[in-house]
Amino acid sequence: MLPVKTPRRDPAPSRLRYRLTRLWLRPGFRRLANFGLPMLAGLLAAWTLMAEYDLRGRAMLAFERMREAIVEQPQFVITRIDIPDVSPDLAEQIRVAAFVDLPASSLEVDVVSVRARIEALDAVERARVRAPASGVLEIRAIERVPVVVWRSGPGLQLLDPAGVRVAEVDSRLRRPDLPLIAGEGAAGQVPEALELFALARPLHDRIRGLVRMGERRWDLVLDRDQVIRLPETGAAAALAHVMDLQAAEDLMDRDLTVVDMRDPRRPILRLGENAVAELVRVRAMVAGEDA
Amino acid sequence: MRRQLYEVQRAMRSRRETALRRGVIAVLDIGTTKVACLVLQFVPEEVGEGVETRPVLRQGAFRVIGAANTRSRGIALGEITAMDECERAIRTAIQGAQKMANLRVDHVIVSFSGGRPRSYGVAGEIEVENGAVAERDIGHVLAACDIPEYGHGRDAIHALPVNFALDHRSGLTDPRGQIGRSLAVDLHLVTVAATPLRNVLQCIRRCDLELAGVVVAPYASGLASLVEDEQELGAACVDIGGGATGLSIFVRRQMIYADCVRMGGSHVTSDICQGLQVSMADAERLKTMHGGLVATGVDDREMIELPSILGDWDHDRRQISRTELIGVMRPRVEEILEEVRARLDASGFEYLPSQRIVLTGGSAQIPGLEMVASHILGRQCRVGKPLRVQGLPQSATGTAFATAVGLAMHVSHPQDECWDFEMPADRQGARRVTRALRWFKENW
């Protein structure tokens, strides 16, 4: 068979080239080739490289070594913890709570968590932790100052003005200088209690404490089982009234057990037993004279 | 046989619908001298809710986004003679157009210029079933057409219902919904030789493309180069191509006749080649640069240097006058046109209300053709460039691209063909499931 005579083969795409061009004009295929395949190749390369245990281990080791070399520089070593301006007792507590093994590297000490641990202590209100370059970890703590003793349930606790627990004490006699409050919910009303104590200063040596009654009002308890019952609102005014009476007529020195100021318009006194008998006798005498 | 062919045509039609929905389709003009490919992008039709939002003007609007053409190889007289070469040519054209469009095309509509197209006028008549003509009545009347024996080795490529008559009221283009008793149809059937057509289909398949339609080339060139009045009143389009001269007659916007003369521009070239003893490529160059059909006094003095075969400038120098060249070209063109006239006479062209003749195709660029054509065909002739199409590059607006542009127009405004209508049930027993599905689709 004679081949078909072609004067000159015109340029034409080969069948393979034609098919590839058509394939390439497919948007999905083009996206795959432009993004999918390079990404796949990159992932595969990274994976095979990392799958070589030796290589990965060596890389990790080198990194670790480098890190240690930096961390153990003498400039970064902390040799001392400085806690200025707090009581030795609290300083010891803070030192324990900071949980820093000396000598440590200042790059490895996480000052934020140290600070969080210190601030978790009851006796510390605020703390600042710094690691200056002098090899000292400086912890500045602001102590909470207890203002009242709170007897609640089983134990005695010291509270600061915000009502936050500062410490626990085993006996009232450890802090006889602080006033005593008692009752459920008393911790939340420490400022009011302090105000009442300030008002009751004239009876200072006779006060035994303030009792929170039913989580809503105060009773001021004196010795000789005398009680001043104060209203829910305007407790300070009521107590001031009682103090005025005390100053004018020595009210609380008399034989009475309860001064009930819960209704400020109608104060009520409850007399002691002897006083009641005396009152009856005096009244009978007055009645006899009259008769 | 015939039913099978209808199945093939239906499959192509559904593929065309798919392509239109996707919005991209390629048209491919496989000619004897060049293969041209246009990639069309269709404006997606908006499905508006209201009547006012219906895109009436944009319906079927398209633009050409890719165009490429290449010299065709392995094609003679519009038929494939060397499959591999032809495939290479198609690949080149398709790839060029795809590259320009930067889009992949899967569906292609092909024009077919060879295969000795033959036209048949066929008539059919039925009684309308329910007073008004319905879609299925049209199917029935088309099925009732008396199809002639067109021979074993031929395939129907077009079956266009060109005219409907309802109770002797003729000239209806769309009788649907009209009241009448008897419905008659005139069907224009075009058949081509089966083997060359199969070769084309095979070639397209080998290029990994899906064929969405085959159009006979003269029909496409007529669509592109005849203006509306000519299509309406009657005109013939003579597409003088490279290897074959197509002939199509239009009246009332319908093609009523198509034929093909198996002679064209390449015969003129080979005449020059033989008459002047030059190579084929040189002859082609002489034809395009200096060719003409009407000699004047100036042409006697205009000497053309013939390229020498031996390259010896001293001894092998020849000069001819342009008149001689014209003398070689003219007889062949006249022969072509006389053949065209014979076909026109046979078709009954002279009975049409208007008898314009539009010359198009690559060989219509020969200067003086109009004069010769009107001399021979005896009627008013003009050279028609294809109509303007949006996005068509300037290089593809010449007469040689009439078929390609016509294909594009055919895609955007397809003519209903016989197989677009529902055939009656007795003719398609195997399609019950499809019909049931279609019924569901129509009713919900």
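Residues numbered from 1 in each chain as written. Chains lettered and ligands numbered in written order. Predicted model: local features only at pLDDT ≥ 70, side-chain atom pairs only at ≥ 80, totals over all residues. Heavy atoms only, no water.

Draft legend 1. Just the overall build of chain A, in detail. Looking only at helices and strands, chain A has eight helices and 14 strands in total. Out of the 291 residues in chain A, the part that is buried amounts to 31%. Pairs at least 24 apart in sequence give 44% of the contacts found in chain A among residues at least 6 apart. Of the accessible surface of chain A, which amounts to about 19,300 Å², a share of 58% is contributed by carbon and sulfur atoms. (Helix = DSSP H or I, 4+ residues; strand = E, 2+ residues; numbered from the N terminus. Buried < 20%, exposed > 50% of the residue type's maximum accessible area, 1.4 Å probe, protein only. Contact = heavy atoms within 4.5 Å. Areas by Shrake-Rupley, 256 points an atom, 1.4 Å probe, with all protein chains shown as cover.)

Draft legend 2. Layout of the pattern of salt bridges. Scanning the entire structure with this criterion turns up 39 salt bridges over all chains. A salt bridge links Arg91 of chain B to Glu87 of chain B, with the shortest nitrogen-to-oxygen separation between them at 3.0 Å. Linking Arg91 of chain B with Glu87 of chain B, this pair stays in helix α2 (residues 83-101), spanning four residues, or about one helical turn. The same class applies to Arg91 of chain B and to Glu87 of chain B, which are both buried. Close ionic contact of Glu232 of chain B with Arg253 of chain B constitutes a salt bridge, the shortest N to O distance being 2.8 Å. With Glu232 of chain B in helix α6 (residues 228-233) and Arg253 of chain B in the loop between β13 (245-251) and β14 (254-261), this residue pair connects regions lying 21 residues apart in the sequence. Among the ionic contacts, a cluster of salt bridges with common partners joins Arg15 of chain A together with Asp84, Glu87, Arg91 and Arg206 of chain B. (Salt bridge = Lys/Arg side-chain N within 4 Å of Asp/Glu carboxyl O.)

Draft legend 3. Geometry of empty space enclosed by the protein. All names here are of chain B. Per the counting criterion, the structure on display carries two cavities of 30 Å³ or more. For the largest cavity, the calculated volume is near 110 Å³. Lining of the largest cavity is provided by 14 residues; of these, Gln9, Arg13, Arg16, Gly213 and Val214 occupy positions nearest its centre. For the lining of the largest cavity, the secondary-structure elements that each account for two or more residues are α1 (2-22), β8 (154-166) and β11 (210-216). When the residues that make up the lining of the largest cavity are grouped by side-chain class, the tally is seven nonpolar, four polar and three charged. (1 Å grid on protein atoms, 1.4 Å probe; cavity = no way out; pocket = protein on both sides within 12 Å on 5 of 7 lines; lining within 4 Å. Points joined across faces, edges and corners; volume = space filled by probe spheres on them. Nonpolar A, V, L, I, M, F, W, Y, C, P; charged D, E, K, R; others polar.)

Draft legend 4. How the structure looks around the sheet that holds strand β18 (residues 381-383) of chain B. Residue and element names in this part refer to chain B. Taken together, five strands build an open sheet; the order of strands is β14-β13-β12-β17-β18 and the sheet is mixed. Each of the sheet's edge strands pairs with one partner strand only, and the pair in question is β14 and β18. Strand-to-strand twist in this sheet, taken as the mean axis angle between neighbours without regard to direction, amounts to 20°. Here β13 pairs with β14 via seven bridges, running antiparallel. In the strand pairing of β14, Val251 is matched with Gln254. Running at roughly 55° to β13, helix α5 (residues 217-225) makes contact with β12 (235-240), β13, β14, β17 (356-360) and β18 of the sheet. Along the sheet, helix α11 (residues 369-377) makes contact with β12, β17 and β18, crossing β18 at roughly 155°. (Pairing = 2+ DSSP bridges. Axes fitted to C-alpha atoms, helices over the stretch in contact; angles between N-to-C directions.)

Draft legend 5. Main features of the layout of surface pockets. All names here are of chain B. Its boundaries defined by the atoms lining it, the second largest pocket holds a volume of some 740 Å³. If you trace the second largest pocket, you find 30 residues lining it, with Leu223, Gln231, Arg253, His413 and Gln415 closest to the centre. Secondary-structure elements contributing two or more residues to the lining of the second largest pocket are β8, α5, α6 and α12 (402-412). Grouping the amino acids of the lining of the second largest pocket by side-chain chemistry returns 14 nonpolar, eight polar and eight charged.

Draft legend 6. Inspection of α11 of chain B at higher detail. Residue and element names in this part refer to chain B. Buried within α11 we find Leu369, Val372, Ala373, Ile376 and Leu377. Along the axis of α11, the buried positions cluster into a sector of 110°, meaning they face one direction only. Facing away from the buried side of α11, by more than 90 degrees, are the exposed residues Met371 and His375. Buried residues along α11 sit in contact with β12, α10 (322-347), β17 and β18. Positive phi appears at Gly378, one or two residues downstream of α11, with a value of about 70°. (Arc of directions from axis to C-beta.)

Draft legend 7. Structural context of the interface of chain B and chain A. With 20 residues of chain B at the contact, the number on the chain A side is 20 residues. Of all residues in chain B, Arg91, Gln95 and Arg104 of chain B give up the largest surface area on contact with chain A, accounting jointly for 35% of the area buried on that side. Counting the contacts that link chain B with chain A gives three salt bridges. For the salt bridge of Glu87 of chain B with Arg15 of chain A, the shortest nitrogen-to-oxygen distance reads 2.7 Å. At the boundary of chain B and chain A, one finds 10 residue pairs in polar contact (both at pLDDT 80 or more). (Buried area = accessible area lost by both parts, 1.4 Å probe. Polar contact = N/O pair within 3.5 Å; in protein donor to acceptor, adjacent residues only side chain to side chain.)

Draft legend 8. Structural context of the side chain of Gln98 of chain B. Its location among the elements puts Gln98 of chain B in helix α2. The class for Gln98 of chain B is buried, based on a relative accessible area of 0%. Apart from residues lying up to four places away in sequence, Gln98 of chain B is in contact with Arg22 and Leu25 of chain A together with Val39, Leu103, Arg104 and Val105 of chain B.

Draft legend 9. Region of interest: the packing of aromatic side chains. All names here are of chain B. Taken as a whole, this structure holds four aromatic pairs over all chains when the rule is applied. A ring pair is formed by Tyr120 and Tyr150, whose centres lie 6.4 Å apart and whose planes are at 45°; its orientation type is tilted. Taken as a pair, Tyr120 in strand β7 (residues 118-127) and Tyr150 in the loop between α3 (135-143) and β8 lie far apart in primary sequence, 30 residues in all. Both residues of the pair, Tyr120 and Tyr150, count as buried. On the basis of an interplanar angle of 25° and a centroid distance of 5.9 Å, the ring pair of Tyr219 and Phe250 is categorised as stacked. (Phe/Tyr/Trp six-rings, centres within 6.5 Å; stacked < 30°, edge-to-face > 60°.)

Draft legend 10. Inspection of the sheet that holds strand β8 (residues 165-169) of chain A at higher detail. Residue and element names in this part refer to chain A. Strand order across the open sheet formed by nine strands is β8-β7-β6-β9-β10-β11-β12-β13-β14, with mixed pairing between neighbours. The strands lining the two open edges of the sheet, one partner per strand, are β8 and β14 (268-271). Geometrically, the sheet is characterised by an average inter-axis angle of 25° between neighbouring strands, direction not taken into account. Taken together, the six bridges between strand β10 (residues 207-213) and strand β11 (residues 217-222) define a ladder with antiparallel strand orientation. Bridge pairing in β11 places Met213 opposite Arg217.

Draft legend 11. Looking closely at unusual backbone geometry. Residues and elements named next belong to chain A. Notably, Glu215 is not glycine yet its phi reads approximately 60°, a positive angle. Tracing the sequence through the fold places Glu215 in the loop between β10 and β11. Positive phi, close to 55°, is recorded for Arg224, a residue that is not glycine. Considering the arrangement of structural elements, one finds Arg224 in the loop between β11 and β12 (227-229).

Draft legend 12. Helix α4 (residues 194-206) of chain B, seen in detail. Over its 13 residues, α4 of chain B runs 18 Å from end to end, which matches the ideal 18 Å to within 8%, given 1.5 Å per residue. For α4 of chain B, the full list of buried residues reads Ala194, Pro196, Leu197, Val200, Leu201, Cys203 and Ile204 of chain B. (Expected span 1.5 Å × (residues − 1).)

So far we have only geometry, and geometry alone does not tell us how the molecule works.
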